[in-house]
Amino acid sequence: MNTKVTIAGVTLQNPVMTASGTFGSGMEYGEFVDLNKLGAVVTKGVASVPWAGNPTPRVAEVYGGMLNAIGLQNPGIDVFMERDIPFLKQYDTKIIVNVCGKTVEDYIAVVEKLGDTSVDMLEINVSCPNVKEGAIAFGQKTDALFDITSQIKKHAVQPVIMKLSPNVTDIGEMARAAEAAGADAISLINTLTGMKIDIHRRTFALANKTGGMSGPAIKPVAVRMVYQAASAVKIPVIGMGGICNAEDAVEFLLAGASAVSVGAANFFNPYVTEEIVRGIEAYMEQYHIEDIKELIGAVRES
Amino acid sequence: MHKKKLTATIKSQREIAKGIYDLRLSTELAAEAKAGQFVCLYPKDKSTLLPRPISICEADGESGVLRLVYRVVGKGTAEFSCLTAGETVEVMGNLGNGFPLEEAVGKCVFIMGGGIGIPPLLELAKRMQAKKQIIAGYRDKDTFLKEELEQYGSVYVATEDGSVGSRGNVMDAIRENGLCADVIYACGPMPMLRAIKKYAEEQGIPAYISLEEHMACGVGACLGCVVKTKKVDSHSHVNNARICTDGPVFEAGEVDI
């Protein structure tokens, strides 16, 4: 049985990755799962300098999921390179660093520093809904997305994955803009912008008022968008949004994803990533699938 | 011991005050639990997915019983309140660092709790080697855990309605009884903790306070539950410590609350 998938020339032992921001750099969940078993660890977003993030409350539960407005708190690229990359290098898994910034120059500064490291891929966060500058500003218009993608591609040593926002009118158009600008892959969906109001206190549940929604409740939206994006481009698509088990992961593969990321489910079940790796193998065995590539985009009209 | 998520069996559960439940779990987590640590319980209802952080009230390694005393505040805790002996619940622990017991040895100590912040003080009072003055603030005459706390120190009660002890809050109880201490340990609502921080600064004594915040992961990955700190935090170096992993207990002078 072959569970390997290749994205932009990087071969993952299996298609299961962690979704940025839910898994730190693997240290915390390394107590629960064997990081050697994962296809890749996608790190929390890292900027050129430390970011303090938003005020609390930063998280709230909603029906079948959660809202977060962390605001990309991170230690900056220098600490990250000194601490987090050496930590991840100890494991037999691919390292994908999520990069955030307020300006194009910020992104480029991080991308250039990472060029001297052995990380495997870069995921460019142009879709965080929780920071006022940068991020989402580059991810909601095709020309802005095209521009930042081509600028980053000029400076990036590693393959570039553009992480797309679902908070757009036409996801296919966004996917095509990233591809046209030279992106090596795209990942989606980032969180859906949401809001929760505490009716007893008559206040917003989050200090930031709005937050990004994740969790199983968003999965149908994510599957639809992954299908639309995968249909629009030839570059690989990494699918995510509410994946909680192997069945969910297979659904994304069938929709056209070459790999999947597991996010909020880590909070509900700290063992979930490894369970999904095993569950996909069990599915392949059950349906006599020799090579996982047979599943990618294999959904058909009945 | 590594953090674990496992299935625990309910040994017993009863309501000990209005909306306050005393839940006893059989779990190996009891063996190494420290006073001031917490666990996360997971609701079975899949519409409420986030783990619920609940402080450890008592942990008996010998019998393997972990005791949690919590208030029903929403759907998750309402579900837990229906659990009965023999049923199971998913629990992750042990989380956080607990209270620094060594700071109290041989000293005169205030152990101060407000409302649902009182339960973790029971294990603390039990394990602490000090002259213990336990000050407990309640809303009314529903003074849960008071008799048990009395086994481990002198207990002073404050109630908001004045029905038991001093009328007012824990600070009123200190003043009314003319108490003083070398070090404070506290858990309770934020206004109480702010008052304790101010008092400790005035007195020039350390105060170890246990904080709470909305959490998602409970293990330090999501950065949801942060508190502003004087010192650079270990994770992000932005003076935002994670309550779940760097806390939940902090020296009051170290945090901006």
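Since the structure is predicted, the reported quantities are computational estimates derived from the model, not experimental observations.

Chemist: Any details on the overall build of chain A? Residues and values, ideally.
Modeler: Each helix and strand counted, chain A has eight helices and 16 strands in total. When the 302 residues of chain A are sorted by exposure, 61% land in the buried category. Within chain A, residue pairs in contact and separated by at least 24 positions form 70% of the contacts whose partners lie at least 6 positions apart. Carbon together with sulfur atoms contributes 50% to the accessible area of chain A, which is approximately 11,600 Å² in total. On chain A, the mean spot of the 25 positive side-chain charges and the mean spot of the 33 negative ones are 6 Å from each other.

Chemist: Break down the interface of chain B and chain A for me, with residues and values.
Modeler: Between chain B and chain A, the residue contacts involve 33 residues of the former and 35 residues of the latter. Counting the surface lost from both chain B and chain A, the interface buries some 2,700 Å², and carbon and sulfur atoms represent 59% of this. If you look at where chain B meets chain A, you find three salt bridges. Put simply, B:Lys3 and A:Glu31 hold a salt bridge, and the shortest N to O gap is 3.6 Å. Between the two partners, chain B and chain A, sit 15 residue pairs in polar contact (both at pLDDT 80 or more). Taken together, the elements giving at least two residues each to the side of chain B that touches chain A come down to β1 (4-17) and β15 (240-242) of chain B. Residue classes in the side of chain B that touches chain A are distributed as 14 nonpolar, 11 polar and eight charged.

Chemist: Before we move on, can you summarise the packing of helix α1 (residues 77-89) of chain A against helix α2 (residues 104-115) of chain A with the specific residues and values?
Modeler: Residues and elements named next belong to chain A. The interhelical angle for the contact between α1 and α2, taken along N-to-C directions, is 35 degrees, at an axis separation of 10 Å. Here the hand of the crossing between α1 and α2 comes out right-handed. Where α1 approaches α2, its residues Ile 77, Asp 78, Met 81 and Ile 85 are matched on the opposing element by Val 110, Lys 113 and Leu 114. In the contact of α1 with α2, the residues fall into five nonpolar, no polar and two charged.

Chemist: Can you explain the side chain of A:Lys163? Please cite residues and give values.
Modeler: Residue and element names in this part refer to chain A. Here Lys 163 is to be found in strand β9 (residues 160-163). No salt bridge is formed by the buried Lys 163; the nearest opposite charge belongs to Glu 123, separated by 4.3 Å. Once residues within four sequence positions are removed from consideration, Lys 163 is found in contact with Ser 20, Asn 98, Glu 123, Ile 124, Val 126, Ser 127, Ser 187, Asn 190 and Met 240.

Chemist: Break down the pattern of salt bridges for me, citing the residues and quoting the values.
Modeler: As enumerated under the stated definition, the model contains 27 salt bridges over all chains in all. Close ionic contact of A:Lys293 with A:Asp291 constitutes a salt bridge, the shortest N to O distance being 3.6 Å. Take A:Lys293: its relative accessible area is 44%, and that puts it in the partly exposed class. Given a relative accessible area of 22%, A:Asp291 falls into the partly exposed group. Where B:Asp22 meets B:Arg24, a salt bridge forms, and the shortest distance between an N and an O atom there is 3.1 Å. The exposure class assigned to B:Asp22 is buried, which follows from its relative accessible area of 1%. When salt bridges that share partners are traced, they join B:Asp22, B:Arg24, B:Glu58, B:Arg67, B:Glu123, B:Lys126, B:Arg127 and B:Glu148 into one network.

Chemist: Got a sec to walk through the sheet that holds strand β10 (residues 154-159) of chain B? Specific residues and values, please.
Modeler: Residues and elements named next belong to chain B. Strands sit in the order β11-β10-β9-β8-β12-β13-β16 across an open sheet of seven strands; the sheet is mixed. The open sheet has two free edges, formed respectively by β11 (166-167) and β16 (249-251), since each of these has just one partner strand. Inspection of the sheet shows strand β12 (residues 183-187) paired to strand β13 (residues 207-210) by four bridges, in the parallel sense. Within the sheet, the bridge partner assigned to Ala 186 lies in β13 and is Ile 209. Relative to the sheet, helix α5 (residues 190-203) contacts β8 (108-114), β12 and β13, its axis offset from that of β12 by approximately 170 degrees.

Reading guide: rules and limits
- Residues numbered from 1 in each chain as written.
- Chains lettered and ligands numbered in written order.
- Predicted model: local features only at pLDDT ≥ 70, side-chain atom pairs only at ≥ 80, totals over all residues.
- Heavy atoms only, no water.
- Helix = DSSP H or I, 4+ residues; strand = E, 2+ residues; numbered from the N terminus.
- Buried < 20%, exposed > 50% of the residue type's maximum accessible area, 1.4 Å probe, protein only.
- Contact = heavy atoms within 4.5 Å.
- Areas by Shrake-Rupley, 256 points an atom, 1.4 Å probe, with all protein chains shown as cover.
- Lys, Arg positive; Asp, Glu negative; His and termini not counted.
- Charge placed at Lys NZ, Arg CZ, Asp CG, Glu CD.
- Buried area = accessible area lost by both parts, 1.4 Å probe.
- Salt bridge = Lys/Arg side-chain N within 4 Å of Asp/Glu carboxyl O.
- Polar contact = N/O pair within 3.5 Å; in protein donor to acceptor, adjacent residues only side chain to side chain.
- Nonpolar A, V, L, I, M, F, W, Y, C, P; charged D, E, K, R; others polar.
- Axes fitted to C-alpha atoms, helices over the stretch in contact; angles between N-to-C directions.
- Left-handed = near helix turned anticlockwise from the far one by under 90°.
- Pairing = 2+ DSSP bridges.

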